[in-house]
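# Report on the structure
As a plain string of letters, each chain reads:
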Amino acid sequence: MSLLTMTFFERFESDILAGKKTITIRDESEYDYTPGSTVDVSTYEDGRWFCRLQIKSVTSIQFKELNDFHAQQENMSLQQLKDVISEIYPNTSQLFVIDYQLAD
């Protein structure tokens with residue numbers, strides 16, 4: 001049974017379901033996930049459920065430490081990643097990388 005939930009913008013749904021987006025980067029208000037746990041995932045815009053994810057790890061990172069590997073895991077360029085993070089979490093330097101995989 002899944003107790004936790006996570007939301008993503010609809011624009012990321014197809015990449016998540018295709019296994020092209022394998023991490024999410026969140027701020028301190030959204031990082032409290034336990035490795036090994038399973039979360040129900042829905043769209044941020046309308047709360048529509050679309051999958052379950054198993055959390056593999058949660059790692060602290062500074063915005064300035066984001067690199068091409070993180071961008072690849074997000075299925076975007078490094079500049080796109082930094083732009084998206086800056087848009088969602090303006091003026092935030094402390095972030096958390098949540099690594100996940102699709103749950104069965």
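The name given to the chain in an unreviewed UniProt entry is N(4)-acetylcytidine amidohydrolase, with Vibrio inusitatus NBRC 102082 as the source organism. What the UniProt record of the chain gives under Function (unreviewed entry) is the line "Catalyzes the hydrolysis of N(4)-acetylcytidine (ac4C)."

## Considering the pairing of strand E3 (residues 38-43)
Of all 6 residues that make up E3, 5 are buried, and the element is covered over most of its length. Bridge count between strand E1 (residues 4-8) and E3: 5 bridges; the pairing is parallel. Residue Thr5 lies in a different strand from E3, and its bridge partner there is Asp40. Pairing geometry for E3 and strand E4 (residues 49-62), over 5 bridges, is antiparallel. Within E4, the residue paired with Val41 across the bridge is Cys51. Connecting E3 to the antiparallel partner E4 that follows it, the hairpin turn spans 5 residues, and Gly47 within it adopts a positive phi of roughly 70 degrees.

## Here we look at the packing of aromatic side chains
Enumeration according to the criterion identifies 3 aromatic pairs in this entry. Judged by centre distance (5.0 Å) and plane angle (65 degrees), the rings of Phe9 and Tyr44 are edge-to-face. With a gap of 35 residues between them, Phe9 in the loop between E1 and helix H1 (13-17) and Tyr44 in the loop between E3 and E4 connect regions that are remote in the sequence. Where Tyr31 meets Phe96, the ring centres are 3.9 Å apart and the plane angle is 10 degrees; that geometry is what we call stacked. Of this pair, Tyr31 sits in the loop between strand E2 (23-26) and E3 while Phe96 sits in strand E5 (residues 94-102), placing them 65 residues apart in sequence. Judged by relative accessible area, Phe96 falls into the buried class, the value being 11%. When the ring centre of Phe9 is taken as origin, the NZ or CZ atom of Arg11, which lies over that ring, is 5.0 Å away. One Lys or Arg, Lys21, reaches over the ring of Phe12 and ends 4.9 Å from the middle of that ring.

## Quick word on unusual backbone geometry
One non-glycine residue, Asn75, lies in the positive phi region at around 60 degrees. Within the secondary structure layout, Asn75 lies in the loop between helix H2 (68-73) and helix H3 (78-88). According to the relative accessible area criterion, Asn75 is partly exposed, its value standing at 36%. One non-glycine residue, Asn91, adopts positive backbone phi at about 60 degrees. Topologically, Asn91 is positioned in the loop between H3 and E5.

Cut-off values and rules
Residues numbered from 1 in each chain as written. Predicted model: local features only at pLDDT ≥ 70, side-chain atom pairs only at ≥ 80, totals over all residues. Heavy atoms only, no water. UniProt positions renumbered as here; feature names shortened; annotations may be inferred. Buried < 20%, exposed > 50% of the residue type's maximum accessible area, 1.4 Å probe, protein only. Helix = DSSP H or I, 4+ residues; strand = E, 2+ residues; numbered from the N terminus. Pairing = 2+ DSSP bridges. Phe/Tyr/Trp six-rings, centres within 6.5 Å; stacked < 30°, edge-to-face > 60°. Lys NZ or Arg CZ within 6 Å of the ring centre and 35° of its normal.

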